[in-house]
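Results of the structural survey
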Amino acid sequence: MTAPLNGQLPTELIRKTNWRHLAGSILTLVATALLLVFGFAGLLSAEPELGNPTYNAFVTQWQRLKGPSARVETLILGDSSGRHGVDPKVIDEVLHTTSVNVCTIGSAGLINVAWQIEAYLARHPVPRRVLIVHVYDLWRREIELPLMSHVPLPWGYWNRMRVSPDLDDETTWDLFLERYVPVLSQNKIVVGIAMRPWDPPRWKIKFDQSGFSAIRNADPEIFRKDVRGQMWTATHLEFVIGHQSREAMTAIDELAGEHGFDVFLVNAPIAEVLMQDADFKAYYDNAQIEIDAMIAPLSNVHRILRDPMRFPAERMQNTDHVLGEAIADYTRAVGLAVAVFEQD
Amino acid sequence: MLFNSYAFIAFFAAVLVLYFAVQRNYKWQNFVLLGASYWFYGQWDARFLGLLAASTIIDYFVGRRLHAEVEPGRRRGLLGISLAANLGILGFFKYFNFFAESATDLLGVLGLNADPTTLNIILPVGISFYTFQTLSYTFDIYRRKLEPVGSFTDFALFVAFFPQLVAGPIERASRLLPQIVRPRVVDIRQINAGVFLMLWGYFKKAVIADQMALLVQPVFASHTAYDGAELLIALLAFTVQIYCDFSGYSDIARGVAKILGFDLMINFKLPYFALNPSDFWLRWHVSLSTWLRDYLYIPLGGNRGGTLKTQRNLAITMLLGGLWHGAAWNFIIWGAWHGTLLALYRRFDPNPVHDRPIIGNPARALGQMGLMFVLTVFGWLLFRVETLDQIPYFMLNMAGGLGETGADMIHRFAFFSWPLLPIQIWQYRTRNLLAPTTLPAVPRLLLYAAIFAGIVIFGVRESMEFIYFQF
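Because the structure is predicted, anything quoted here is derived from the model rather than measured. (Residues numbered from 1 in each chain as written. Chains lettered and ligands numbered in written order. Predicted model: local features only at pLDDT ≥ 70, side-chain atom pairs only at ≥ 80, totals over all residues. Heavy atoms only, no water.)

Some remarks on the overall build of chain A
Rule in force here: For helices the rule is a DSSP run of H or I covering at least 4 residues; for strands it is a run of E covering at least 2, with both sets numbered from the N terminus onward. Positive: Lys, Arg. Negative: Asp, Glu. His and the chain ends are not part of the count. Charge positions are represented by NZ for Lys, CZ for Arg, CG for Asp and CD for Glu.
Regarding its fold elements, chain A presents 15 helices and 7 strands. Principal-axis analysis of the C-alpha atoms gives chain A an extent of 90 × 50 × 40 Å. Positive and negative side-chain charges of chain A, numbering 32 and 42 respectively, have mean locations separated by a distance of 8 Å.

Structure, rendered in structure tokens:
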């Protein structure tokens, strides 16, 4: 195509060197790695608010579950729809009980709920009941590796649990790095600081003492985006209950049977606009039938609010997080459904 | 197994231990490297090891017969066997569905209905690279420019050498085989250069290319959701991404090879500093462009038959070069674009001088560089589009305002890509791609530490495959 290479193109001129220089290069890289690993770990322990807010919230709820304030009759577990939607104070009023909300996040999946129950039973007296608040589109999910790495139980805990994911060596190694090398697992934080050093991002999810975390402000843009996302899910994906979710529910049922407590599986609140859409409604109804079939053999798991509580857009932050007075309304409905079930 | 994975680091460490444990006997070293190469390749899909082995066996025996044979007809027949086997495998795995679908579409246009016969074919990773590499062996023996290698192990290592097996550089038998068939002296200077190449390659891949990918992917996945400057930034980001992704891979491959005592060819020579289309192809994917020049363009007649024939040969070479990248029309259009640029440029400048030093007339040289860069960027639009209707959409909507999303994209683009500029200007001015290794100890170590810290902190964690693996 062209003339042969001429002498003007760049080439590689290798300079003279010696072993001392090479060793210096390699030692520099090792020293840099150590500095970054320990420096960032130190920074995060000094200023936890610089850390990933999701991980922080996840660990906070786990620590609450392990602590003495979690010795209650009613344990509230599940994803963020429960964390923001079920207020233990209202549950206490309606059911004349003591309760704590240790809901975490949807990406932790139901296996995390099973682990929480198992860890709880190892530390505290048996609760009277466990509520599990779960969003319909999370049944397919498995626990995400970063969250699994942040469960504050001794390394290898998953092997000692009743239900355990299959981890190959590479995944276990990734888990190790996620857990013990935060500069790798939380590097987005450092990126955020480096990109805006004059205004480093700081996040904090606020909880009250009972583990409840209220969302104060509506955000119509978030709501609209979430509606679009949920509609896409309903029209493009088949409803599936993942293998891990099934195993987790079976383990939870076994634990309930062995220790003698009831498990209430609660549908998360849902945006009215979704349920008014025929395609979405059909998808949702089909999901309920699948969930019914899955828990039919489980004698200690009971469904409440199978017909989900619906809210208009202005009372929600997204399609399953309620706001303001809707929180009390939803929590009261959950409590009353439990009460009705227990009276029967 | 990706270079940018922990598994590769562990693998390479194990290979180094074994390799240097048998350093007294280079033949044992070759066994170690061959075993490692097959293991490395098998990590993607062990089923395709058979293809790699088949290609190796055919060309090993064809090469020996070709060398011994004197009768021209038989020699052509033997070459035909090698071509049919290698290009047959490549054609089936890479192009069968494309041609079947295209033929069906064409029949549809002519009013004839036909059922498309497509198969669920998985593209074996790196097949285009090792096929071209092994073909260079039979071509060179056919032309009596190379003698066949005696040891089957040595030849198998030439085909499967793991640093460059899946994404090049596409080595020539005449360059790599002599390094395989004799003892290697692993020199401290080579290791030093290899360490820098690996470090800089990882930085280009994990930090620049993968961060650019986060800007590029959403835009090309749903282009109508973006307009104005967002499209332009996405296109510029892809221009940076594809260079850093591919040259990053080449640097890592060359660095790994250097540490093992091998010298692989330089695959990228600061391509975005090119002054004209001809210059660009001396700098971009050099191992492919020179392969196409030596085994396709020159055998077609090169520039020996007058202007029209030269332009025809350029067009054929570049169209096939485009098709080499993938079985899709946009790659063919991209090849046609570069073929047209080369042909037009030839008309204006029949004796191109490459890489004029800019001290003579910096403004003119910068103007040429700028124009060539714009033409290259347009080429990348043709290359990257997911559907052909994205081409007019980008062109019609690219010149527009800058919203909040666009401003954030510019911030991210500049933040993650700026390190490329000072390093490349330095390499360009010194004409030395290893310029950073020439620094005195303290600034050099500080630079290495900064690059390494950049990889750890700013590297995208989820290992993204290298773009050129798909080719």
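Observations regarding the packing of aromatic side chains
The way to describe two aromatic rings as a pair is by their centre distance and the angle between their planes. Residues and elements named next belong to chain B. Counted only if it meets this: For Phe, Tyr and Trp, where Trp contributes only its six-membered ring, two rings pair if their centres lie within 6.5 Å, and the inter-plane angle classes them as stacked under 30 degrees, edge-to-face over 60, or tilted in between. Type-normalised accessible area, obtained with a 1.4 Å probe on protein chains alone, sets the label of each residue: buried when under 20%, exposed when over 50%, and partly exposed for intermediate values. As a reminder, the over-ring test applies to NZ of lysine and CZ of arginine, requiring each to be within 6 Å of the ring centre and within 35 degrees of the ring normal.
Within the structure shown, the criterion is met by 68 aromatic pairs over all chains. Ring centres of Phe-8 and Phe-40 lie 6.1 Å apart, and the angle between their planes is 75 degrees; this geometry places the pair in the edge-to-face category. Linking Phe-8 in helix α1 (residues 6-21) with Phe-40 in helix α2 (residues 26-42), this pair joins segments that are 32 residues apart in sequence. Measuring from centroid to centroid gives 5.6 Å for Phe-415 and Phe-458, while their planes differ by 80 degrees, and the two rings are edge-to-face. A residue pair is termed long-range when its members are at least 10 positions apart, and Phe-415 in helix α16 (residues 404-417) and Phe-458 in helix α18 (residues 441-458) qualify at 43 residues. Judged by its relative accessible area of 18%, Phe-458 is buried. Across from the ring centre of Phe-238, 5.7 Å away, lies the NZ or CZ of Arg-384, which sits over that ring.

Observations concerning the domain arrangement of chain B
All names here are of chain B. Rule in force here: The domain limits used here are those given by an automatic or database domain assignment. Any pair of residues with heavy atoms lying within 4.5 Å of one another is described as a contacting pair. Summed over both partners, the accessible area lost on bringing two parts together, with a 1.4 Å probe, is the buried area. Counted as salt bridges are all cases of a side-chain nitrogen of Lys or Arg within 4 Å of a carboxyl oxygen of Asp or Glu. The term polar contact refers here to a pair of N or O atoms within 3.5 Å; inside protein, the definition further demands a hydrogen-donor-capable atom paired with an acceptor-capable atom, and it admits residues adjacent in sequence only when both atoms are side-chain atoms.
Examined at the domain level, chain B breaks down into domain 1 (6-184) and domain 2 (189-275 + 355-470). Each of domain 1 and domain 2 has a C-alpha centre, and the two are 29 Å apart. Taken residue by residue, the interface counts 26 residues in domain 1 and 20 residues in domain 2. Of the roughly 2000 Å² buried between domain 1 and domain 2 on both sides combined, carbon and sulfur atoms contribute 70%. Put simply, domain 1 and domain 2 have 1 salt bridge between them. The salt bridge partner of Asp-263 is Arg-175, with a shortest N-O separation of 3.4 Å. The interface formed by domain 1 and domain 2 holds 4 residue pairs in polar contact (both at pLDDT 80 or more) in total. Looking at the side of domain 1 that touches domain 2, the elements with two or more residues in it are α1 and α7 (173-180). Ranked by residues supplied to the side of domain 1 that touches domain 2, first place goes to α1 with 5 residues.

Concerning the sheet that holds strand β6 (residues 301-304) of chain A
Residue and element names in this part refer to chain A. To keep it simple, the criterion reads: The rule for pairing is simple: two strands pair if DSSP sees at least two bridges between them. Note on geometry: axes are lines fitted to C-alpha atoms, helical ones only across the stretch in contact, with angles between N-to-C directions running from 0 to 180 degrees.
Pairing is parallel across the open sheet formed by 5 strands, whose spatial order is β2-β1-β3-β4-β6. Because the sheet does not close on itself, it has two edges, and the strands there are β2 (99-101) and β6. Taking the axes of each pair of neighbouring strands and ignoring which way they run, one obtains an average angle of 25 degrees across the sheet. With 5 bridges connecting them, strand β1 (residues 74-78) and strand β3 (residues 129-134) associate as parallel partners. Each bridged residue has a counterpart across the sheet, and for Leu-75 the counterpart in β3 is Val-130. Sheet strands touched by helix α4 (residues 88-95): β1, β2 and β3. Its angle to β2, the strand with the most contacts, is close to 155 degrees. Against the sheet, helix α15 (residues 325-343) makes contact with β3, β4 (262-267) and β6, and its axis sits at roughly 140 degrees relative to β4, the strand it touches most.

Describing the interface of chain A and chain B
Under the convention used in this document: Note that Gly is not counted as nonpolar here; it falls among the polar residues with everything else outside the nonpolar set of Ala, Val, Leu, Ile, Met, Phe, Trp, Tyr, Cys and Pro and the charged set of Asp, Glu, Lys and Arg.
Contact residues are listed per partner, giving 39 residues for chain A and 53 residues for chain B. Interface area, chain A with chain B, both sides summed: about 4400 Å², of which 67% is carbon and sulfur. Counting across the interface, chain A meets chain B through 2 salt bridges. Applying the counting rule to chain A against chain B returns 6 residue pairs in polar contact (both at pLDDT 80 or more). Of all the secondary-structure elements, those providing two or more residues to the side of chain A that touches chain B are α1 (19-46), α8 (169-180), α9 (182-185) and α10 (187-195) of chain A. By residue class, the composition of the side of chain A that touches chain B is 21 nonpolar, 12 polar and 6 charged.

Details of the packing of helix α9 (residues 229-259) of chain B against helix α14 (residues 362-384) of chain B
All names here are of chain B. Condition: Here the word oblique covers every angle except those under 35 degrees (roughly parallel), over 145 (roughly antiparallel) and from 65 to 115 (roughly perpendicular).
Running from N to C, α9 and α14 point in directions that differ by 90 degrees, and their axes come no closer than 9 Å. Between α9 and α14, the interaxial angle falls into the category roughly perpendicular. Between α9 and α14, the contacting residues are Leu-235, Leu-236, Phe-238, Thr-239 and Ile-242 on the first element and Phe-373, Val-377, Trp-380, Leu-381, Phe-383 and Arg-384 on the second.

Focus on the pattern of salt bridges
Considering all chains together, one arrives at 28 salt bridges over all chains under this definition. Between B:Arg189 and B:Asp187 there is a salt bridge, and its shortest N-O distance comes to 3.7 Å. Residue classification places B:Arg189 among the partly exposed residues on the basis of a relative accessible area of 33%. For B:Asp187, a relative accessible area of 28% corresponds to the partly exposed category. B:Arg254 is the partner of B:Asp263 in a salt bridge, and the nearest nitrogen-oxygen pair spans 4.0 Å. Among the charged side chains, a network of salt bridges with common partners joins A:Glu12, B:Glu171, B:Arg175, B:Arg254, B:Lys258 and B:Asp263.

A word on the environment of A:Leu50
Positionally, A:Leu50 belongs in the loop between α1 and α2 (53-66). Taking the C-alpha atoms as reference points, A:Leu50 and A:His84, separated by 34 residues in sequence, lie 22 Å from one another.

Digging into the pairing of β3(A)
Residues and elements named next belong to chain A. Summarising burial for β3: 6 of the 6 residues are buried, a large majority. Residues of β3 alternate between two faces, with Arg-129, Leu-131 and Val-133 on one and Val-130, Ile-132 and His-134 on the opposite face, all of them buried. Strand direction decides the pairing type here: β3 and β4, joined by 6 bridges, are parallel. Looking at the pairing, Arg-129 lines up with Asp-262 of β4.

Focus on the nonpolar core
To keep things clear, this is the line we draw: Joining through side-chain atoms within 4.5 Å is the link that ties buried Ala, Val, Leu, Ile, Met, Phe, Trp, Tyr and Cys residues into a set, and such a set is a nonpolar core.
By size, the foremost hydrophobic cluster in this structure holds 154 residues, and its most contacted members are B:Phe8 and B:Phe162. Both domains that meet at this core, namely domain 1 (6-184) and domain 2 (189-275 + 355-470) of chain B, each give it at least three residues. Other than its neighbours up to four places away in sequence, B:Phe8 contacts B:Met1, B:Leu2, B:Phe3, B:Phe40, B:Phe162, B:Tyr202 and B:Val256. A:Leu147, A:Ile252, A:Val263 and A:Met294 belong to the second largest nonpolar core, which has 89 residues in total.

Things to note about the pairing of β6(A)
All names here are of chain A. Residues Val-301 and Arg-303 of β6 are buried on one face, and the alternating residues His-302 and Ile-304, pointing to the opposite face, are buried as well. With 4 bridges joining them, β4 and β6 adopt parallel strand pairing. For Phe-264, the partnering residue across the bridge sits in β6 and is His-302.

Some thoughts on the environment of A:Val263
Residues and elements named next belong to chain A. With respect to the secondary-structure elements, Val-263 resides in strand β4. Note on Val-263: relative accessible area 0%, which makes it buried. Dropping the residues within four chain positions of it, Val-263 is found in contact with Val-130, Ile-132, Ile-252, Ala-256, Asn-300, Val-301 and His-302.

Here we look at α10(A)
A turn of α-helix holds 3.6 residues, and therefore any two residues three or four places apart point the same way. Residues of α10(A) that are buried include every one of A:Asn187, A:Ile189, A:Val190, A:Val191, A:Gly192 and A:Met195, and no others. As for α10(A), its buried residues are in contact with α1 and α9 of chain A together with α16 and α18 of chain B.

A word on the side chain of A:Gln317
Residues and elements named next belong to chain A. Note on placement: Gln-317 falls in the loop between β7 (310-311) and α15. Classification of Gln-317 as buried rests on a relative accessible area of 15%. In this view, Gln-317 contacts Ile-215, Asn-217, Asp-219, Ile-222, Phe-223 and Leu-323; residues no more than four positions away in its chain are not counted.

Considerations on helix α5 (residues 127-142) of chain B
Condition: One less than the number of residues in a helix, times 1.5 Å, gives the span that helix is expected to have.
Here α5(B) is 16 residues long and its end C-alpha atoms lie 22 Å apart, about the 22 Å a rise of 1.5 Å per residue gives. Positive backbone phi, at 60 degrees, marks B:Arg144, one or two positions downstream of α5(B).

Some details on unusual backbone geometry
For residues other than glycine, phi is negative in most cases, and the peptide bonds are mostly trans. Phi is positive for A:His96, close to 50 degrees, though the residue is something other than glycine. Here A:His96 lies in the loop between α4 and β2.

A look at the side chain of A:Asp226
All names here are of chain A. By secondary structure assignment, the location of Asp-226 is in helix α11 (residues 220-236). One buried charged residue, Asp-226, forms no salt bridge at all, with the nearest opposite charge on Arg-141 at 8.6 Å. Asp-226 has contacts with Asn-318, Thr-319 and Asp-320, leaving out every residue within four places of it along the chain.

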